[in-house]
Amino acid sequence: MISNIVQQFSIVLAIGIGYSYDRLTEIGAAGLLRDVGIGKIPADLFHKNIESLSRSEQKIVEAHSEFGYRAILESDHSLENLAICTLQHHERMDGTGYLNQLHEKQIEPCARIIAIINTY
Ligand SMILES: [Fe+2]
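Conventions and cut-offs
- Residues numbered from 1 in each chain as written.
- Predicted model: local features only at pLDDT ≥ 70, side-chain atom pairs only at ≥ 80, totals over all residues.
- Helix = DSSP H or I, 4+ residues; strand = E, 2+ residues; numbered from the N terminus.
- Buried ≥ 20, exposed ≤ 12 C-beta atoms within 10 Å, placed from the backbone.
- Core = buried A, V, L, I, M, F, W, Y, C linked by C-beta atoms within 7 Å.
- Axes fitted to C-alpha atoms, helices over the stretch in contact; angles between N-to-C directions.
- Parallel < 35°, antiparallel > 145°, perpendicular 65-115°, else oblique.
- Contact = placed C-beta atoms within 7 Å.
- Nonpolar A, V, L, I, M, F, W, Y, C, P; charged D, E, K, R; others polar.
- Left-handed = near helix turned anticlockwise from the far one by under 90°.

S.K.: I'd like to hear about unusual backbone geometry, residue by residue, with values.
M.R.: Backbone phi values are negative for most residues with the exception of glycine, while trans is the configuration of most peptide bonds. The linkage connecting Tyr98 with the following residue, Leu99, adopts the cis geometry, with an omega of 15°. Structurally, the position occupied by Leu99 is in the loop between α6 (80-87) and α7 (109-119). Of note, Glu104 is a non-glycine position whose phi angle comes to about 30°, a positive value. Mapping Glu104 onto the fold places it in the loop between α6 and α7. Accessibility expressed as a C-beta count within 10 Å gives 11 for Glu104, which makes it exposed.

In structure tokens, the structure reads:
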């Protein structure tokens, strides 16, 4: 079984705020697959310090969220919620995140949980 720390703590947080068992599976999968799109980012950019990247290079790295979203949907269209969690996992409640600078309720609850855990 494959797991990682973001997946595990996302499930713990979801249990703590009362998510149902069936939602835990989705949150766990989102925690595991949130960065699946990084495989499409050139390795030289991915391994650089984010502050050293130009704005255009940052946009390429940030696109990993959308690459992951597309990869999940292409594998199974029924996984739309999981794909959206992946797409939104770097959004922030105050609109300072990426890719779409979403605010509060525009961000899926699953993505909010992943974002909190991913930050720490
Ligand atoms: Fe990410």
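S.K.: Account for the environment of Arg112, naming residues and giving values.
M.R.: Secondary-structure assignment places Arg112 in helix α7. For Arg112, a count of 19 C-beta atoms within 10 Å corresponds to the partly exposed category. Spatially, the C-alpha atom of Arg112 lies 11 Å from that of Thr86, the residues being 26 residues apart in sequence.

S.K.: Can you break down the nonpolar core residue by residue, with the values?
M.R.: Counting residues in each nonpolar core, the largest one holds 19 residues, and the members touching the most others are Ile27, Ala30, Cys85, Cys110, Ala111, Ile113 and Ile114. Within the residue set of this core, elements represented by two or more residues are α1 (5-16), α2 (21-33), α5 (64-75), α6 and α7. Element by element, the count of residues in this core is highest for α7, at six residues.

S.K.: Tell me about the packing of α5 against α6, and name the residues and values.
M.R.: Two measures define how a pair of helices packs: the angle their axes make with one another and the distance between the axes. As a packed pair, α5 and α6 sit with axes 7 Å apart at the nearest point and diverge in direction by 170°. Between α5 and α6, the interaxial angle falls into the category roughly antiparallel. Each of Ser65, Glu66, Gly68, Tyr69, Ile72 and Leu73 in α5 lies in contact with α6, whose residues at this interface are Glu80, Leu82, Ala83, Thr86 and Leu87. A breakdown of the residues in the contact of α5 with α6 according to their chemical character gives six nonpolar, three polar and two charged.

S.K.: So what about the packing of α2 against α7? Which residues, and what values?
M.R.: Running from N to C, α2 and α7 point in directions that differ by 45°, and their axes come no closer than 10 Å. With respect to α7, the axis of α2 lies oblique. In this structure, α2 crosses over α7, and the sense of that crossing is right-handed. Listed contacts from α7 to Glu26, Ile27, Ala30 and Gly31 of α2 are Cys110, Ile113, Ile114 and Ile117.

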